[in-house]
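Report on the structure
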Amino acid sequence: GPRPVRRGPPPPVPPKDDVPKSGAAFPFLRVAAVTLVIFGIAWAIHSARDVKWSAPLEPEDARLAESRARGINSLLKRDTPAPTNAAASAAARASPEPSPNPPTQPSLSPANPVRPAENALTTALRSVVSITGEVRIGGRTQDVVGSGFFVTNTGMILTNAHVIEPGVVYSGRTHDGRRLNLTDRERSREMDLGLFAAIGEGPFPALPFGSAKGMNYGDQVWAIGSPLAKELGFSVTRGVVSSPLRLFSGRAFLQHDAAINPGNSGGPLVDSAGRLVGVNTWKIVGDTQGLGFAIPVEVVEEVLKTWKIRP
């Protein structure tokens, strides 16, 4: 049946509070406060970092930086401090009056090279000849490069026998730029020595002979020749005697570690006085360095005697 209706006073209604609780009506105040705190922390970190970066060097670091800067500037030739008045006046007194017509600097062009100061090696260079021959291989002409040196004032040029090939036209160039036509005169395949005759106006500067018997371990030697190409003619490399005597197949060689390459064949090996002690002939190649060999000058002298050539 129907539910009975209860009669009575209505339930009480909670009273309205016209005053809002703290923070209930304005929540953005809390967000603003948190934002300000975060911004303040970030600004403090940023300011501290800027101060650290802009801090000056410590005294030791500053001195080190200045020392390095002076060293670099001196290497670049820019560290030229302004002279004091006393230094300037002293320099002015010590300096001669400038010439009204100062001499011009020599040209650095290949046609007019600057001659270095004279020494035993530059004297020996005058006797060296860069040898070039033209060979046809596969329908193309290829340059064959070797080295040699005058053994007589009449133009006899000693080189290696393996530099000379039959049917090849050879020419020579001296250190002072003279061009020479060369003719094949003698060859000894066994000793790997050959002889050219230069066709040109003499006399020619013969290389003085020294002695390989007097060489000892560690003595300095210089190899002169045209490694790899005629453009590198008259290159000088320095080394030491690795062994005064090496015997291979009954032949004597002077072992040294001066750099030699294809094109150095037939070039002289000289001592500190610019005298011939050997003729560069071969080297050991592969994963090796500084294993070059020269024919001792005493062997050269014996071969020249058989050719009736007197150096």
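If you're wondering where the values come from, they're calculated on a predicted model, not measured in any experiment.

1. Describing unusual backbone geometry
Between Gly202 and Pro203 the backbone carries a cis peptide bond, its omega angle lying at 0°. For Pro203, the position within the fold is in the loop between β6 (193–199) and β7 (220–225). Phi is positive for Asp192, close to 55°, though the residue is something other than glycine. As for its position among the elements, Asp192 is in the loop between β5 (179–188) and β6. Asp192 sits in the buried class, given a relative accessible area of 10%.

2. Details of the environment of Ile309
On the secondary structure map, Ile309 appears in the segment after α5 (297–306). By relative accessible area, which is 13% here, Ile309 ends up buried. When the C-alpha atoms of Ile309 and Leu195 are compared, they prove to be 9.9 Å apart, with 114 residues separating the residues in sequence.

3. A closer look at the sheet that holds strand β8 (residues 235–248)
Within a beta sheet, neighbouring strands are joined by backbone hydrogen bonds and run either parallel or antiparallel to one another. Spatial strand order, β7-β8-β9-β12-β11-β10: six strands in a closed barrel with antiparallel pairing. Strand after strand, the sheet turns through a mean of 45° between neighbouring axes, direction not considered. Examined bridge by bridge, β7 and strand β10 (residues 268–270) share two bridges and lie antiparallel to one another. Note on β10: the bridge partner recorded for Trp222 is Val270. Docked against the sheet, α5 engages β11 (276–283) and β12 (292–296), running at close to 45° with respect to β12.

4. Comments concerning the confidence of the model for the chain
Confidence along the chain averages 77 in pLDDT terms, with 67% of residues attaining 70 or more. Residue range residues 86–100 is modelled with pLDDT below 50. Its contacts to residues more than four positions away, or to other chains, number one contact.

5. Observations regarding the pattern of salt bridges
A full pass over the atoms with the stated rule returns four salt bridges. Residue Arg187 is joined to Asp184 by a salt bridge in which the shortest nitrogen-to-oxygen separation is 3.4 Å. A relative accessible area of 34% places Arg187 in the partly exposed class. Exposure remark for Asp184: the relative accessible area of 38% places this residue in the partly exposed category.

6. Let's talk about the nonpolar core
Ranked by size, the top nonpolar core spans 29 residues in total, and within it Val151, Leu158, Leu193, Val300 and Trp307 carry the most contacts. Going through the elements one at a time, α4 (120–125), β3 (156–159), β6, β7, β11, β12 and α5 are the ones with two or more residues in this core. It is α5 that contributes the most residues to this core, four residues altogether. With near-sequence residues (within four places) excluded, Val300 lies in contact with Leu158, Leu193, Phe209, Val279 and Ile295.

7. Let's talk about the packing of aromatic side chains
For the structure shown, the criterion picks out eight aromatic pairs. Geometrically, the ring pair formed by Phe248 and Phe293 is edge-to-face, given 5.4 Å between the ring centres and 85° between the ring planes. Of this pair, Phe248 sits in strand β8 while Phe293 sits in strand β12, and the two are 45 residues apart along the sequence. When its relative accessible area of 32% is taken as the criterion, Phe248 is described as partly exposed. A network of ring pairs unites the aromatic residues Phe248, Phe253, Trp282 and Phe293 as a single cluster.

8. Thoughts on the pairing of β3
Side-chain alternation along β3 places Met156 and Leu158 on one buried face and Ile157 and Thr159 on a second face that is also buried. Taken together, the two bridges between strand β2 (residues 140–150) and β3 define a ladder with antiparallel strand orientation. When the sheet's bridge partners are listed, Phe149 is paired in β3 with Leu158. Taken together, β2 and the strand that follows it, β3, pair antiparallel across an intervening segment of five residues, in which Gly155 is found at a positive phi of about 105°. Of the pairings in the sheet, the one linking β3 to β6 comprises four bridges and is antiparallel in character. Among the inter-strand pairings, Ile157 is bridged to a residue of β6, identified as Phe196.

9. Describing the environment of Phe293
Judged by its relative accessible area of 2%, Phe293 falls in the buried class. Spatially, the C-alpha atoms of Phe293 and Leu269 are 9.7 Å apart, while their sequence positions differ by 24 residues.

Thresholds, definitions, all that
What you see as residue numbers is a count from 1 along each chain, following the sequence as written. Local features in this predicted model are restricted to residues whose pLDDT is 70 or higher, and side-chain atom pairs enter the listing and the counts only when it is 80 or higher, whereas totals over whole chains, interfaces and linings include all residues. Note that water and hydrogens are dropped before the side-chain values are worked out from all heavy atoms of the structure. Helix and strand assignments follow DSSP, with helices taken as H or I runs no shorter than four residues and strands as E runs no shorter than two, numbered in order from the N terminus. Buried means the residue's accessible area, taken with a 1.4 Å probe over protein chains only, is under 20% of the maximum for its type, while exposed means over 50%, and partly exposed covers the values in between. Note on pairing: two strands pair once DSSP finds at least 2 bridges between them. Only the stretch in contact is used when a helix axis is fitted, and all axes are lines through C-alpha atoms; the angle between N-to-C directions ranges over 0 to 180 degrees. Two residues qualify as a contact provided that any one of their heavy atoms is within 4.5 Å of a heavy atom in the partner residue. Per-residue confidence from the prediction method is given by pLDDT, with values spanning 0 to 100. Whenever a carboxyl oxygen of Asp or Glu lies within 4 Å of a side-chain nitrogen of Lys or Arg, that contact is scored as a salt bridge. Here, the term nonpolar core denotes a set of buried Ala, Val, Leu, Ile, Met, Phe, Trp, Tyr and Cys residues that are joined through side-chain atoms within 4.5 Å. Only centres within 6.5 Å qualify two rings of Phe, Tyr or Trp (six-membered ring in Trp) as a pair; their planes then separate them into stacked at under 30 degrees, edge-to-face at over 60, and tilted for everything else.

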